[in-house]
Amino acid sequence: MKTKIIQLFLLALTCSFMASCGGASDSNPPPVTEPEPQPEQEPEQEPEAEPEAEPVAFYFGNDLSYVNEMEDCGAVYKDAGSVVDPYEVIANHGGNLVRVRHWNDPYWQALITQPESVAANWKANYSGLEDVTETIRRSKAAGMEVLLDFHFSDIWADPGRQTTPRAWENDFGDEDAMAAHIYDYVTSVLTGLNDEGLMPELIQIGNESNSGMMTTQNLIIEMNDAGTGLNVSKGGQTNYSDQYVARMYNSAISAVRDISEGMTNAPRIAIHVAGADKAVAFFDKLKSIGVTDIDIAGFSFYYGWEQAPIEDVASMIATLKERHPNLDPLMLETGYLWDEENIDSLGNIIGIADPAYLPVSKQNQLKYLTDLSQAVADAGGIGVVFWEPSWVSTECRTPWGQGSSHEHVAYFDHRDGLNFHIGGQWMEVTKLSETPEAGLATTFRVDMTGQDTSAGVFIRGAFTEDTLQPMLYEGENIYSYTTHIQAAQSGSYHYAIGLKNGTRETVPSECANPEDTLNRLYTVGENGEQLVTAVWASCDVFDPQAAGPTTLTLNVDMTGVDVSGGVYVAGDLNAWTITELTQVGASAIYTISYDLAVGAEGGYYFLNGSDWGDRETIPEECVGYYDADRGFLVEEQSPQVLDLVWSSCQ
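Sequence positions are assigned chain by chain, starting from 1 and proceeding in written order. Reporting in this predicted model follows two pLDDT cut-offs: at least 70 for local features of residues, and 80 or more for side-chain atom pairs to be given and counted; totals over whole chains, interfaces and linings ignore these cut-offs and use all residues. Think of the side-chain values as coming from all heavy atoms in the structure, minus any hydrogens and water.

- Looking at an unreviewed UniProt entry, one finds the chain named Arabinogalactan endo-beta-1,4-galactanase, with Saccharophagus degradans as its source organism.
- According to the UniProt record, the Sequence similarities (unreviewed entry) comment for the chain is "Belongs to the glycosyl hydrolase 53 family."
- UniProt positions are given in the numbering used here, feature names are shortened, and annotations may be inferred rather than shown by experiment. Quoted verbatim from the Catalytic activity (unreviewed entry) field of the UniProt record, the comment on the chain reads "The enzyme specifically hydrolyzes (1->4)-beta-D-galactosidic linkages in type I arabinogalactans."

Quick look at the nonpolar core
And step 1. Core analysis: the biggest nonpolar cluster contains 122 residues, and F152, L190, I205, I271 and F283 have the highest contact counts within it.
And step 2. Strands here are runs of E lasting at least two residues and helices are runs of H or I lasting at least four, both read from the DSSP assignment and numbered beginning at the N terminus. Ranked by the residues each element gives to this core, the list is headed by helix α7 (residues 242-259), at 10 residues.
And step 3. Per-domain counts for this core show at least three residues from each of domain 1 (71-431) and domain 2 (440-535). Buried residues of nine kinds, namely Ala, Val, Leu, Ile, Met, Phe, Trp, Tyr and Cys, make up a nonpolar core once their side-chain atoms join them within 4.5 Å. Type-normalised accessible area, obtained with a 1.4 Å probe on protein chains alone, sets the label of each residue: buried when under 20%, exposed when over 50%, and partly exposed for intermediate values. As annotated, the domain borders come from an automatic or database domain assignment.

Overview of the packing of aromatic side chains
And step 1. Classification of ring pairs rests on two measures: the distance between centres of Phe, Tyr or Trp rings, Trp counted by its six-membered ring, which must be within 6.5 Å, and the angle between planes, read as stacked under 30 degrees, edge-to-face over 60 and tilted in between. Enumeration according to the criterion identifies 32 aromatic pairs in this entry.
And step 2. Through a chain of ring-to-ring contacts, the aromatic side chains of F444, F463, Y481, Y493, Y495 and Y522 assemble into a single cluster.
And step 3. Above the plane of the ring of W338 lies K362, whose end atom (NZ or CZ) is 5.2 Å from the centre.
And step 4. One Lys or Arg, R615, reaches over the ring of Y605 and ends 3.7 Å from the middle of that ring. We call a charge positioned above a ring when the Lys NZ or Arg CZ atom is no farther than 6 Å from the ring centre and deviates by at most 35 degrees from the ring normal.

Observations concerning the domain arrangement of the chain
And step 1. Per the domain assignment, the segments making up the chain are domain 1 (71-431), domain 2 (440-535) and domain 3 (549-645).
And step 2. Taking the mean C-alpha position of each, domain 2 and domain 3 sit 39 Å from one another.

Observations regarding the environment of D105
And step 1. Here D105 shows up in the loop between β4 (97-102) and α4 (116-119).
And step 2. Since its relative accessible area comes to 34%, D105 is described here as partly exposed.
And step 3. When the C-alpha atoms of D105 and M427 are compared, they prove to be 33 Å apart, with 322 residues separating the residues in sequence.
And step 4. Contact between two residues is taken to exist if any of their heavy atoms lie within 4.5 Å; hydrogens are not considered. For D105, the contacting residues outside a window of four places in its chain are D154 and R166.

A short note on the pattern of salt bridges
If the charged atoms of two oppositely charged side chains come close together, the side chains can form a pair.
And step 1. Whenever Lys or Arg places a side-chain nitrogen within 4 Å of a carboxyl oxygen from Asp or Glu, that contact is recorded as a salt bridge. Taken as a whole, this structure holds 29 salt bridges when the rule is applied.
And step 2. For the salt bridge of R415 with D339, the shortest nitrogen-to-oxygen distance reads 2.8 Å. Taken together, the positions of R415 in the loop between β15 (412-413) and β16 (419-420) and D339 in the loop between β11 (328-334) and α11 (362-379) put the pair 76 residues apart, joining distant regions of the chain.
And step 3. You can call D339 buried: its relative accessible area is 11%.

A few points about the state of the cysteines
In a disulfide, the sulfur atoms of two cysteines are held together by a covalent bond.
And step 1. Disulfides are defined as pairs of cysteine sulfur atoms found within 2.5 Å of each other. Following the criterion strictly, the structure yields three disulfides and no others.
And step 2. Put simply, C622 and C649 are joined by a disulfide, and their sulfur atoms are 2.1 Å apart. Taking the sign of the S-S torsion, -85° for the link of C622 and C649, the bridge is left-handed. One end of the pair, C622, is in the loop between β32 (601-607) and β33 (630-633); the other, C649, is in the segment after β34 (640-645), with 27 residues separating them in the sequence.
And step 3. Take C622: its relative accessible area is 21%, and that puts it in the partly exposed class.

Some thoughts on the packing of helix α6 (residues 175-195) against α7
And step 1. Where α6 contacts α7, the axes come no closer than 8 Å and their chain directions differ by 30°. In this view, α6 runs roughly parallel relative to α7, as classed from their interaxial angle. Judged by the sense of rotation from one axis to the other, the crossing of α6 with α7 is right-handed. Contact residues: α6 offers E175, D176, M178, A179, I182, Y183, V186, T187, L190 and T191, while α7 offers Q243, Y244, R247, M248, S251, A252, S254, A255, V256, D258 and I259.
And step 2. Classifying every residue of the contact of α6 with α7 gives 12 nonpolar, five polar and four charged. Working convention: axes come from line fits to C-alpha atoms, limited for helices to the stretch in contact. Angles between N-to-C directions cover 0 to 180 degrees. Each angle receives one of four descriptions, namely roughly parallel if under 35 degrees, roughly antiparallel if over 145, roughly perpendicular if within 65 to 115, and oblique otherwise. It is the rotation of the near helix from the far one that decides the hand of a crossing: anticlockwise by less than a right angle makes it left-handed, clockwise makes it right-handed. Note on residue categories: nonpolar means Ala, Val, Leu, Ile, Met, Phe, Trp, Tyr, Cys or Pro, charged means Asp, Glu, Lys or Arg, and polar means any other residue, Gly included.

What follows is the structure, encoded as structure tokens:
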């Protein structure tokens, strides 16, 4: 089934830099399609009902729950050097859905001592109802739809912590009372929003509720020993029974249905599971316990945690659609890094990149998110929501430290004055009707040496449906784009820098298409994989050897060392995430491999346990990085193997 996800709001975008390949320049707009004639309306005899909104073809969503807080913490968002409203800039770059979390009573925020530089503006009620209402108001003012995410907790709800709101915890164990609390609360919140004209288009019942909502009685919050943050834990009774889980879901669902009864544009209901690999089984389970009156099967997918290729996610969505045809799959959370450095005292939470999209860069964040959203659409999903593009590093503190765990993922570049960068353009890249699969695999590669590519590198031709599509950055100034083209087919194409108001290359006449002299000519062979190489604005060609990634394997001999706690490695090669090695047979050798770009370098060390204190001591003569660590350098394309000995230079 063809999946058409080009949106109405993209029409203006396509007119800004989308001349046909045979046109004079990319600044010439294509012809504007005339609107279809509308039937004449009957004479008005009574007040018209609320018009039914056209369904969004595909959600390019963003969780903006942090925006209001970040502004109070001093963040000033920019686009092309100008100060911008963060909601408006997201909408201007193609966003059409804002997800916002709601905590019943985030009382614990008042326990955090903020630095004097930000304390005066910090409100200590973020994600509470007042803050959520402001987010919804600003989102709708920017022209975007809203998904309201009820956590039914006073703090983050996730697979490991589904704590009951403090105001209801004394009724835990009384299912009637708990069901009434949920029903009354949802009714109260939505009634208030509706009275202000702020009814969300989508309602999410629970957050990452893999085992149910409010399954634990108490949230326990204590100041840490240093007095700089909070220790967060849970306690009291628990209830994971199918009856309880189903009743809590159905009580919230009933509240949404009851309040929206009779509305022309009633909100749609989603339930959310963490982990794309768990989605099919999760929604099978919901159906089996009687939770069926929902519209959207929501799930999270982060490569950094699941380490599954995009193809696996698309396959899961197709299976989910087959098993639950009444549900629309929606990726409610994803995130992907553009930088590997942590710039503040709060550790980053996404540290592993998909090997197919190395090296880590803004260009490859753009390419990854474009490919991911295309795959979701092709498989029958209705959208992708990015978490959390505006959580930049500021002086403000969280319960766990100062700064952000996401500044290396956010759309706003902390090295460039919080300017919106190209990674966020995935929302506005015009999508193909469906990724072509028939024909020969054809890769276009271009050498951009000497060019300023900070605005992004794109390709355009008949094989992109005459739209600019982002290329993959391979490293060493080489960019590539792979698609499928029918055997023996020829056509026009060109490269460009920048998506809007950018620069297309000037193709020399010697290598231009004779029938389309502004563009290059490609010709696909009769069989096998095809490769088309070029140098920007030149007829030169280059060595087609790929610039990356390549494989670096670490083998460590643990003879005589206590390995009962396992053998691990941490370093720049895995974003300083303690990662376990695999034992080679019954030997004392442990191994792990990483796909890294040519030129990648950094420090690392081994550990014989999963705590930082279990690290090896490296002799001074073989210290390579950070005055205490081993060092690695990927010097060439061929796979590299390092055979090492624990705490030794051997």
